[in-house]
Amino acid sequence: MALVHCPRSSAVPGEAPSSSSSSPSLTQSKPSSTERILAVLALWEFCLAVSGKPAELCSVGGGTEENIYTKSEEREMGPEAVSMSNIYESAEATLGFISSPCLAKVELRVASRGISDRDALSKPDPCVVLKMQSHGQWFEVDRTEVIRSSSSPVFSKILLVDYYFEEVQRLRFELHDISSGNNGLRDADFLGALECTLGQIVSQRKLTKALLKQGNTSGKSSITVTAEELSGNDDYVELSFSARKLDDKDFFSKSDPFLEIFRLNDDGTESLVHRTETIMNNLSPVWKSFKVSLNTLCSGDHDRELKCTVWDWDSNGKHDFIGEFQTTFKEMRTEQEGKQLQWECINPKYQMKKKNYRNSGVIIKMYSFLDYIMGGCQIQFTVAIDFTASNGDPRNSCSLHYIHPYQPNEYLKALVAVGEICQDYDSDKMFPAFGFGALIPPDFKVSHDFAVNFDEDNPECAGVQGVVEAYQNCLPKIQLYGPTNIAPIIQKVASSASEEMHTKEAMEYFILLILTDGVITDMADTREAIVHASHLPMSVIIVGVGNADFTDMQILDGDDGILRSPKGEPVLRDIASPAALAKSVLAEVPNQVVDYYNAKGIKPKCMSDYESTRTFSP
């Protein structure tokens, strides 16, 4: 289940508003050499007019290191010379120069060493934030994952940036110690930073420098950035792995396994390609599927050796080795007559010492989301809408249900955003639509699972447009009431999903979208319903509409802990994860589909008609 808050404001933070230009040559193509020379002269005249005297010309659009000044250099040059640099930058922005298409895309891998422990009992939880300078300001471009309890982290997240030969691209790598309670930077400790240019990294291939702390003082910790060009092999492949009967490395519980994949390079070195999440207390884990470029995975060489290592995670950062195996991407793509490809996980020390040693477990290549979809699996989309009184009178323009003649309300925005994605995976495009929390005709008793089209025998609507029309026609006929109970609608969809489960085929997977404006009042029953639903082929997405406090909903999110029913029964699989509306609200669904069918041992249909692993553009 995904939990998302959809506020009234539709503005996207950090996103610049779009604008049109009356001069296509300035917005669609790079100025020619002659145009650049003329522009430089124009800038020179501009600076002369502003300052009253000529100034040294600097490069237009970047390309030299001459504009990188230290504080001491600024004091020596004086304020006038420094201000001239700002004038050039402002003038260039005013003229509207747009960079040419990037020469290449560059993958940056980051590692760090020598990070000081927080104290005698705890190690840092490092994360690197990549920032890029634009008009004198630093803007975050990307960040790595957080590695728990590590003084010398090697990050698996690849930072992808566009490379422009003709520009000085200033980068800043900030190392932070993230609070164990969350992954945000608000409460994080700043550990140091590296400032350099992309050109410096590219020219050296591998750049290692000491991290500079506040006041530009260097400590014992260092950071290494490795660059690799991504060109010609930018196809992506989706991979998913599970394990069976791994060695138990813990005394009082089961192992907490994670998998690392390394690419073996021509010079004998190894490059970390991907690190899975850790599955706690499980000897037969199913790791989430992931996408990786062929360039990252094997440098475009399908026969290149890949080393896969399985570890038992420990909180002190000293992870226990379980075993390893080697393979190639070519082997990964090979079908074995409809059977799942698998490798024995070998611990070389055990293999040498133990006579009857066979393996330390088996690693299995799982079927992907596309395998199931292309095998005929349909997504059955159902929507449930909150009609409680807290939404406000629909006749009032302040109501969340107010039907504006020209602008959709927040309920319609969420409905259309998710529905238009799901309808592509449903052949008949007939969507059941329900409401909850309203007094409905004819006797006007409260209902928490009524059909929005008032046809209880056939609540389906024809496509997203049909759901929208049924919603609009329903509003004048009902009375908004309460409370906000969502367990009944989860149980109703779960009933349909239960029938599909007994077929033991990957034919229908159910997605329930719940749109609500406030705090859930039947939390205990909802937890019970979600735990039950985790055993079924279904996912639940709860979208919070409006500006109410949705903090209590996070208890339904199983990412940071195990959701349990009031009776203590744990959720079988995670069907809850926070997301962003529209594009990201469904991001966890492919993993949830794969997790369910793989855990049940249900393979896609028609596997012989197409390749098990296929490439696609990102």
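As a convention, each chain's residues are numbered from 1 in the sequence order in which they are written. A pLDDT threshold of at least 70 governs which residues receive local features in this predicted model, and a stricter bar of 80 or more applies before side-chain atom pairs are shown or counted, although totals over entire chains, interfaces and linings include all residues. The side-chain numbers reported here are obtained from all heavy atoms of the structure, hydrogens and water having been left aside.

1. Here's the deal with the sheet that holds strand 25 (residues 479-480)
- In short, DSSP must find at least two bridges between two strands for them to pair. Per the convention used, a helix needs a DSSP run of H or I reaching at least four residues, while a strand needs a run of E reaching at least two, with both numbered from the N terminus. Spatial strand order, 22-21-25: 3 strands in an open sheet with antiparallel pairing. Both edges of this open sheet fall to strand 22 (445-447) and strand 25, since each of them pairs with a single strand only.
- Strand direction decides the pairing type here: strand 21 (residues 438-440) and strand 22, joined by 3 bridges, are antiparallel. Counted as the bridge partner of L439 is V446 from strand 22.

2. A word on the packing of aromatic side chains
- Each aromatic pair joins two rings of Phe, Tyr and Trp (for Trp, the six-membered one) with centres within 6.5 Å, and gets the label stacked for planes under 30 degrees apart, edge-to-face for over 60, and tilted for any other angle. The final tally for this structure, using the stated rule, is 14 aromatic pairs.
- When the centroid spacing of 5.1 Å and the interplanar angle of 75 degrees are considered together, the rings of Y596 and Y597 count as edge-to-face. Across this residue pair, the class does not change: Y596 and Y597 are buried.
- Whether a charge sits over a ring depends on NZ of Lys or CZ of Arg being within 6 Å of the ring centre and within 35 degrees of the ring normal. The residue whose ring lies beneath K307 is F262, and the NZ or CZ to ring-centre distance is 5.7 Å.
- Sitting over the face of the ring of Y350, K354 holds its NZ or CZ atom 4.2 Å from the ring centroid. For each residue, the accessible area found with a 1.4 Å probe, counting protein chains only, is set against the maximum for its type, and the residue is called buried under 20%, exposed over 50%, and partly exposed in between.

3. Some remarks on a negative patch on the surface
- The grouping of D301, D303, E305 and E331 at the surface amounts to a negative patch.
- Examined against the element boundaries, E331 turns out to sit in helix 6 (residues 329-332).
- Residue E331 is classed as partly exposed on the basis of its relative accessible area, which comes to 32%. Patch rule: a residue counts if its relative accessible area is over 30% and it has no salt bridge; like charges are joined within 9 Å, and nonpolar side chains (Val, Leu, Ile, Met, Phe, Trp, Tyr) within 5 Å. Per-residue accessibility takes into account occlusion by the displayed protein chains alone, with areas from the Shrake-Rupley method and a 1.4 Å probe. When a carboxyl oxygen of Asp or Glu lies within 4 Å of a side-chain nitrogen of Lys or Arg, that pair is called a salt bridge. Note on charges: Lys and Arg go in the positive column, Asp and Glu in the negative column, and His and the chain ends are not counted at all. Taken as the charge centre is NZ of Lys, CZ of Arg, CG of Asp or CD of Glu, depending on the residue.

4. Remarks on the sheet that holds strand 11 (residues 241-244)
- Read from one edge to the other, the open sheet built from 3 strands follows the order 11-18-17, with strand pairing classed as antiparallel. Only two strands of the sheet have a single partner each, and these edge strands are strand 11 and strand 17 (342-344). Each strand axis lies, on average, 25 degrees off the axis of its neighbour in the sheet, ignoring direction.
- Bridge count for strand 11 against strand 18 (residues 362-365) is 4 bridges, and the pairing is antiparallel. Looking at the pairing, F241 lines up with K365 of strand 18. Helix axes use the C-alpha atoms of the stretch in contact, all axes being lines fitted to C-alpha atoms, and the angles between their N-to-C directions lie in the range 0 to 180 degrees.

5. Overview of the confidence of the model for the protein chain
- Each residue carries a pLDDT value, the predictor's own confidence for that position, ranging from 0 to 100. Considering every residue of the protein chain, the mean pLDDT works out to 78; 73% of them sit at 70 or more.
- Any pair of residues with heavy atoms lying within 4.5 Å of one another is described as a contacting pair. Low pLDDT (under 50) marks residues 607-618, which in the prediction has 41 contacts with non-local residues, meaning those over four places away or in another chain.

6. Brief notes about helix 9 (residues 410-422)
- One less than the residue count of a helix, multiplied by 1.5 Å, gives the span that helix is expected to have. Taking 1.5 Å of rise per residue, 13 residues should cover 18 Å, and helix 9 covers 19 Å from first to last C-alpha, within 8% of that figure.
- Within the span of helix 9, buried status applies to E410, Y411, L412, A414, L415, A417, V418, G419 and C422.
- Of the residues that open helix 9, the one with a side-chain oxygen 3.1 Å from the backbone nitrogen of Y411 is N409. Pairs of N or O atoms are called polar contacts if they sit within 3.5 Å, as long as, within protein, a hydrogen donor faces a hydrogen acceptor (for residues adjacent in sequence, only side-chain-to-side-chain pairs).

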